[in-house]
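Below are the chains, spelled out letter by letter.
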Amino acid sequence: MLSSMGHTVHIACLNRGRLPSVVEKEFPNFHILTVGRHRGTKFSIIFEANILRVFALMWLMLRNKYDLGLSVGSFTLGSVMKLSNKPNIQFDDDPERKKGAFLERATATKLFFPPIVEPAGNVSTYNALKEWSYLSPRYFKPNKNELARYGLSPKKYIFVREVSTGTLNYMHQEEDSILSVAERFPHNYAVVLSIENKKKIKQYPKKWLILEEPLEDIHSLLYYSAVVISSGDSMAREGAILGVPSIYCGIREMKANKILMDKGLFFKTSPLELPTVIEKITARENRLEDQEIYRQKLLSEWDDITEFVIKEVEKY
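This text gives an overview of the structure that appears in the document. Everything quoted here is computed from the prediction, not taken from an experiment. (Residues numbered from 1 in each chain as written. Predicted model: local features only at pLDDT ≥ 70, side-chain atom pairs only at ≥ 80, totals over all residues. Heavy atoms only, no water.)

## Notes on the overall build of the chain
(1) Moving on: The number of helices and strands found in the chain is 11 helices and 12 strands.
(2) Moving on: Its C-alpha atoms give the chain a radius of gyration of 20 Å, near enough to 20 Å, the size a compact globule of 316 residues would have.
(3) Moving on: Principal-axis analysis of the C-alpha atoms gives the chain an extent of 60 × 45 × 40 Å.
(4) Moving on: Looking at the 316 residues of the chain, the share that counts as buried comes to 49%.
(5) Moving on: Look at the contacts in the chain between residues 6 or more apart in sequence, and 54% of them connect residues 24 or more apart. (Helix = DSSP H or I, 4+ residues; strand = E, 2+ residues; numbered from the N terminus. Rg over C-alpha atoms; globule rule 2.2 N^0.38 Å. Buried < 20%, exposed > 50% of the residue type's maximum accessible area, 1.4 Å probe, protein only. Contact = heavy atoms within 4.5 Å.)

Spelled out as structure tokens, the structure:
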């Protein structure tokens, strides 16, 4: 939309796992810049993904003379824009990550959170979760034909996401937490696995379907699943926003997740208790009609984040 309004848009992403290839697929015909590296070690996170990244972004700023920065939780871009005396708008949903939130407040022209903080200074709120920006019915339409690619049937499979623990957010989380109970999953459901650390694939049950990212339409696979299970918080929120019962079995306690817990489709449990929670959820009927009623209700309650961002950009 920004491009269609006449703006030149450059998209920078971190070199982490398969992220660059996913970004290139999601943003065809855009100028994609891979800036900084994340190898999954503490040194790489601090030095390559943050310190070196600031210098790389500064070099890009000097070359391209950007007028505005937009980012999610990126004080690195924020610091470069601030040093260049240019506005930057940042979004985050994680005030619990106090050091990051402090740096974002210090470098952002405007910093936006979901309604989980008190507005003050350059900090404001919007009424939604950031995943709603691309999962709202206005922008996402599930495609049932995507299931045929994998031989799946609606509501007859479980979608599992296993994240890497080589990040600051999950450094203290048990590695391969879902793997520890994989053999106890219900046998009358197929299981689709999206795993960040591909080196661990052979350790999972052979009958599980392993996804190779980037996918054509991962959110349709989420939408038509019976249950979404994730050791990372983002995909669990995506599932719940799509109207699918979603279980988060990671270690983080987040106010953003509480918004979805209160709506009855987001559950937090330990990996050990996963099989029991799955059994309770699959015992209930999960109809596609109910999903759409739920999503339409969110549509009436939550902000359109795309319109929100465009309006903010236009201010500058």
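## Points about the pairing of strand E1 (residues 10-15)
(1) Moving on: Sheet topology note: the E1/strand E2 (residues 31-37) ladder contains five bridges and is parallel. Its bridge partner lying in E2, asparagine 15 is registered against arginine 37.
(2) Moving on: Taken together, E1, helix H1 (residues 19-26) and E2 constitute a β-α-β crossover, and its handedness is right-handed. (Pairing = 2+ DSSP bridges. Right-handed = clockwise from strand over helix to strand, strands pointing away.)

## Description of helix H9 (residues 274-282)
Count 3.6 residues to each turn of an α-helix, and residues three or four apart come out pointing the same way.
(1) Moving on: Leu274, Pro275, Val277, Ile278 and Ile281 are the residues of H9 that are buried. Take H9 and look down its axis: the buried residues cluster within an arc of 160°, on one side only. Residues of H9 that are exposed and point more than 90 degrees away from the buried face comprise Glu279 and Lys280.
(2) Moving on: On the buried face of H9, the contacting elements are strand E7 (157-162), strand E10 (227-230), strand E11 (246-248) and strand E12 (266-268). (Arc of directions from axis to C-beta.)

## Points about a nonpolar patch on the surface
(1) Moving on: Taken together, the side chains of Phe43, Ile46, Phe47, Ile51, Leu52 and Phe55 make up a nonpolar region of the molecular surface, amounting to roughly 600 Å² of accessible area.
(2) Moving on: Inspection of the secondary structure puts phenylalanine 55 in helix H2 (residues 42-64). (Patch = residues over 30% accessible without salt bridge, like charges linked within 9 Å, V, L, I, M, F, W, Y side chains within 5 Å. Areas by Shrake-Rupley, 256 points an atom, 1.4 Å probe, with all protein chains shown as cover. Salt bridge = Lys/Arg side-chain N within 4 Å of Asp/Glu carboxyl O.)

## Examining the layout of surface pockets
(1) Moving on: Size it by volume and the second largest pocket reaches roughly 190 Å³.
(2) Moving on: Taken together, Pro95, Glu96, Lys98, Ala101, Arg105, Phe113, Ile116, Val117, Glu118, Val123 and Lys255 form the lining of the second largest pocket.
(3) Moving on: Looking at the lining of the second largest pocket residue by residue, the classes come out as six nonpolar, no polar and five charged. (1 Å grid on protein atoms, 1.4 Å probe; cavity = no way out; pocket = protein on both sides within 12 Å on 5 of 7 lines; lining within 4 Å. Points joined across faces, edges and corners; volume = space filled by probe spheres on them. Nonpolar A, V, L, I, M, F, W, Y, C, P; charged D, E, K, R; others polar.)

## As for unusual backbone geometry
(1) Moving on: The omega torsion across glutamate 213 and proline 214 is 0°, close enough to zero to call that bond cis.
(2) Moving on: Positive phi, close to 50°, is recorded for lysine 65, a residue that is not glycine.
(3) Moving on: Summarising the element assignment, lysine 65 is placed in the loop between H2 and strand E3 (69-72).
(4) Moving on: On the basis of relative accessible area, lysine 65 is assigned to the exposed category, the value being 60%.

## Remarks on helix H10 (residues 288-301)
(1) Moving on: Between the first and last C-alpha of H10 there are 20 Å, a value that for 14 residues agrees with the 20 Å anticipated at 1.5 Å per step.
(2) Moving on: When H10 is considered as a whole, its buried residues turn out to be Gln291, Tyr294, Arg295 and Leu298. Considered in projection along H10, the buried side chains sweep an arc of 95° and stay on one side of the axis. Opposite the buried face of H10, at more than 90 degrees from it, the exposed residues are Ile293 and Ser300.
(3) Moving on: Buried positions along H10 lie against helix H5 (132-135), helix H6 (218-223), helix H7 (233-241) and helix H8 (255-261). (Expected span 1.5 Å × (residues − 1).)

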